[in-house]
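The residues making up each chain are set out below.
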Amino acid sequence: MRNSRRSLITAVAALGALTSLASCGGGAGSSTSGKAGGTYTFWDPYPQFDASSAWGRLVTKCGGDAGVKVKRTGMDTTDLGNKALLAAQQGNAPDVMLVDNPVVSTLVEAGILNKTSDLGLDTKPIQKNILGGGEVDGASYGVPIGANTLALYYNKKILSAAHVDPASVKDWASLTAALKKVKAAGKKGITFSAINTEEGSFQFLPWFWGAGGDLTKLNSDEGAAALSLWKQWVQSGYAPKDVLQNTQTTSWQQFATGDYAFGENGTWQLGNAGKAGFDYGVIGIPGENGGAAPVPTGGEFVTVPVQKDTSRYGVSTKIVTCLTNSANLLTTDNTLMYVAPTTAVQAEQVKSNPRLEPWVRAVAAARGRTSGGLGTKYPTISQPMWTAVQAALSGGKSPKAALDAAQTAVGKGN
């Protein structure tokens with residue numbers, strides 16, 4: 001276990017870069033016998049849900065089923081990550097903690113999370129690409145509660161008026177052709193978030209990966225192709241110039257005006273889509289030459305931080321198991337508008353809400369931002385990447401020059 005002050009300081013720096021989005025060997029020897037009675041602490045990034053909410057009641061119930069009381073604290077993602085590191089440094093980490101998936105590797109690097117295998121938690125039913133967001137060096141450090149990701153919402157009325165069949169959008173060329181028709185029909189094309197935060201990187205990744213880009217080499221020809229596509233759309237008027245300032249929320253608000261044909265956004269907007277006042281559909285983000293582009297996974301992992309009193313792990317494990325069993329996942333993921341991490345629960349979700357079907361397909365093609373061995377290197381790559389997007393779309397640099405500068409910055413950061 002590497003739980004030194006130095007590693008914690010490094011982890012805090014990494015978290016600072018990651019948590020603008022709304023994700024060695026962790027732990028002492030564990031006991032799965034449990035320690036009934038008393039109070040167990042639980043932290044999550046859902047301050048919007050109070051004790052009377054369905055989520056709040058579920059956390060309380062899972063504690064009760066394990067024979068303990070749960071003291072739950074909800075805070076925003078940034079506060080949770082930073083406070084978790086501070087609490088670990090002080091030796092008073094919570095018993096159970098729900099964290100954004102790219103934060104997991106940072107906490108593992110700080111040495112404050114237990115492996116799921118050491119706790120006896122079963123992760124076999126979890127889709128491998130979703131589980132990958134919480135893996136470091138082949139070991140899992142948490143159980144995903146669900147996943148969200150990105151796709152393209154489209155306005156059916158606008159596409160119909162522009163004589164565009166959404167089924168014809170299969171690659172970048174056909175999507176750009178559709179945008180051209182939409183503009184010729186007097187409507188607006190596509191809106192997305194290119195802001196200089198993790199949200200900008202999150203939204204750029206499907207296009208970067210869809211071109212075959214590799215995050216270890218930002219300035220590859222594939223990376224330049226993806227950034228050139230976005231730049232072409234802005235220069236041609238297919239996308240608004242204010243994508244540079246758009247968060248995912250403001251980008252959605254633009255699409256919700258009914259003036260745009262397409263909006264790149266997430267699963268979490270499904271509830272708002274139903275209130276938009278116009279008919280919409282959803283298609284996956286296409287790869288450059290066709291097929292589904294890999295999209296980044298969002299969502300949280302339930303984790304068990306390292307404790308001095310290892311006898312507490314048994315009850316903590318029971319709480320995690322309760323929160324992530326199939327029956328509770330269905331309710332929770334439907335509430336959060338998440339796609340469940342298991343195919344069995346996904347099938348139940350689609351049965352009750354057919355609009356989730358394209359999102360289940362999108363999640364199947366998704367990958368974790370820290371996957372592929374990147375781990376805590378991801379923040380040092382993401383920030384230069386979103387900086388390059390800003391430089392190219394603002395006209396300050398060509399896509400290739402912007403990504404060359406980004407790759408140089410990554411090299412200095414590592």
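Model, not experiment: these values are computed from the prediction. (Residues numbered from 1 in each chain as written. Predicted model: local features only at pLDDT ≥ 70, side-chain atom pairs only at ≥ 80, totals over all residues. Heavy atoms only, no water.)

Trainee: How would you explain the nonpolar core if you had to name every residue and give the values?
Mentor: Grouped together as the largest cluster of nonpolar side chains are 56 residues, with contacts concentrated most on W207, L215, W233 and F262. Elements that contribute at least two residues to this core include exactly β7 (150-155), α7 (156-161), α8 (172-184), α9 (198-210), α10 (221-235), β9 (260-266), α17 (378-393) and α18 (399-413). A total of 8 residues in this core trace back to one element, the largest contributor, which is α17. Counting 52 residues, the second-largest nonpolar core is a separate cluster that includes V96, L119, A139 and V315. (Core = buried A, V, L, I, M, F, W, Y, C linked by side-chain atoms within 4.5 Å. Buried < 20%, exposed > 50% of the residue type's maximum accessible area, 1.4 Å probe, protein only. Helix = DSSP H or I, 4+ residues; strand = E, 2+ residues; numbered from the N terminus.)

Trainee: With reference to specific residues and values, describe the pairing of strand β11 (residues 300-303).
Mentor: Alternating residues of β11 divide into E300 and V302 and F301 and T303, and every residue in both groups is buried. In the sheet, strand β3 (residues 96-100) pairs with β11 via 4 bridges, with the strands oriented antiparallel. For M97, the partnering residue across the bridge sits in β11 and is T303. Of the strand pairs in this sheet, strand β6 (residues 143-144) and β11 are connected by 2 bridges, and their pairing is antiparallel. Pairing of V143 across the sheet is with V302, part of β11. (Pairing = 2+ DSSP bridges.)

Trainee: Residues and numbers for the pattern of salt bridges, please.
Mentor: What the rule picks out here adds up to 6 salt bridges. For D404, the salt bridge is made with K400, and the minimal N-O distance between the two is 2.9 Å. Residue D404 and its partner K400 are both found in helix α18; the two are separated by 4 residues, about one turn of the helix. With a relative accessible area of 35%, K400 lands in the partly exposed category. (Salt bridge = Lys/Arg side-chain N within 4 Å of Asp/Glu carboxyl O.)

Trainee: Break down the packing of helix α2 (residues 54-65) against helix α13 (residues 313-323) for me, citing the residues and quoting the values.
Mentor: Two elements in contact, α2 and α13, have axes separated by 9 Å at closest approach and are oriented at 135°. Between α2 and α13, the crossing angle belongs to the class labelled oblique. Here α2 and α13 pass one another in a crossing that is right-handed. Side by side, α2 and α13 meet where W55, L58, V59, C62, G63 and D65 of the first sit next to I319, C322 and L323 of the second. (Axes fitted to C-alpha atoms, helices over the stretch in contact; angles between N-to-C directions. Parallel < 35°, antiparallel > 145°, perpendicular 65-115°, else oblique. Left-handed = near helix turned anticlockwise from the far one by under 90°. Contact = heavy atoms within 4.5 Å.)

Trainee: So what about helix α3 (residues 77-90)? Which residues, and what values?
Mentor: Taking 1.5 Å of rise per residue, the 14 residues of α3 would be expected to cover 20 Å, and the 20 Å separating its terminal C-alpha atoms lies within 8% of that figure. All of the buried residues along α3 are T77, L80, G81, A84, L85, A87 and A88. The buried residues of α3 occupy one face: seen down the axis, they fall within an arc of 165°. Residue D76 occupies the N-cap position of α3, its side-chain oxygen lying 2.8 Å from the main-chain nitrogen of D79. (Expected span 1.5 Å × (residues − 1). Arc of directions from axis to C-beta. Polar contact = N/O pair within 3.5 Å; in protein donor to acceptor, adjacent residues only side chain to side chain.)

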